[in-house]
Amino acid sequence: MSVLPMVFTSGWASGINAYAVVLLLGLFGRAGVGGEVPEALQRPEVLIVAGVLFLCEAVADKVPYVDTVWDAVHTLVRPACGAMVGALLAGQSGGSLSEVAYGAVGGTTALVMHLVKMSTRMAVNTSPEPLSNILLSAAEDLGVAALVVFALFHPAVAAGIAGTLLVLGIGTVVVLWRRVRAFRQRRKERKAARREGRTAEAPA
């Protein structure tokens, strides 16, 4: 594997679903597919814990407002996981850059993507129906799985895709929050107008 592209892609994916990254890399590593994966990620206890937590996230991530709480709890977990995977990949490759540098790349990328995900979910939760949460969560899970697996075989191309998706995600957050602010402002104005109408109709 090309280490830096793989670190960037795994960081991007960790910002969305860190447990899926650990689980997929560990399983493919044990199967001997797609290059060398750090042995620490292939340990049975690591795979079991990652699998259980992945199932918990798969449920929590699809419930409105529960997903927001889950994201808040994982504000430290996802960047830490991205940094850990990056450092492990660096140690596995013996690359010229230090494990700290690779860890910083993975952790920073994971943090930015986590903030994009959390902001998007908070905006989506303003919708009264739960279907959008389910569809968005499913798309995220599939996207993470597809890109991590693809990165094992084509790390440079996968990193390019991850970078593009990261930029698009930031742009989407900006657009969504502008619309949310506009919606909230209109709702406040309607409430204020109704209160003024009731006050005008009240008997002197």
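Residues numbered from 1 in each chain as written. Predicted model: local features only at pLDDT ≥ 70, side-chain atom pairs only at ≥ 80, totals over all residues. Heavy atoms only, no water.

A few points about the side chain of His74
Looking at where His74 falls in the secondary structure, it is placed in the loop between helix H3 (66-73) and helix H4 (77-93). One polar contact links the side chain of His74 to the main-chain carbonyl oxygen of Trp70, over a distance of 2.8 Å. Residues in contact with His74, not counting those within four places in the same chain, are Tyr19, Glu57, Pro79 and His114. (Helix = DSSP H or I, 4+ residues; strand = E, 2+ residues; numbered from the N terminus. Polar contact = N/O pair within 3.5 Å; in protein donor to acceptor, adjacent residues only side chain to side chain. Contact = heavy atoms within 4.5 Å.)

Here's the deal with the pattern of salt bridges
Applying the stated criterion across every chain yields a total of 10 salt bridges. Where Arg121 meets Asp67, a salt bridge forms, and the shortest distance between an N and an O atom there is 2.9 Å. Residue Arg121 is located in helix H5 (residues 99-124), and its partner Asp67 is located in helix H3; the two are separated by 54 residues in the primary sequence. This pair shows no difference in class: Arg121 is buried, exactly as Asp67 is. Among the salt bridges present, the one from Glu140 reaches Arg121, with a minimum N-O distance of 2.8 Å. Taken together, the residues Glu140 in helix H6 (residues 131-153) and Arg121 in helix H5 connect sequence positions 19 residues apart. By relative accessible area, Glu140 is classed as buried at 13%. Residues joined by salt bridges that share partners form a network here, namely Glu57, Asp61, Asp67, Asp71, Arg78, Lys117, Arg121 and Glu140. (Salt bridge = Lys/Arg side-chain N within 4 Å of Asp/Glu carboxyl O. Buried < 20%, exposed > 50% of the residue type's maximum accessible area, 1.4 Å probe, protein only.)

Quick notes on H3
Of the residues making up H3, those classed as buried are Asp67, Trp70 and Asp71. On an axial view of H3, the arc spanned by its buried residues comes to 100°, and they lie on one face. Opposite the buried face of H3, at more than 90 degrees from it, the exposed residues are Val69 and Val73. (Arc of directions from axis to C-beta.)

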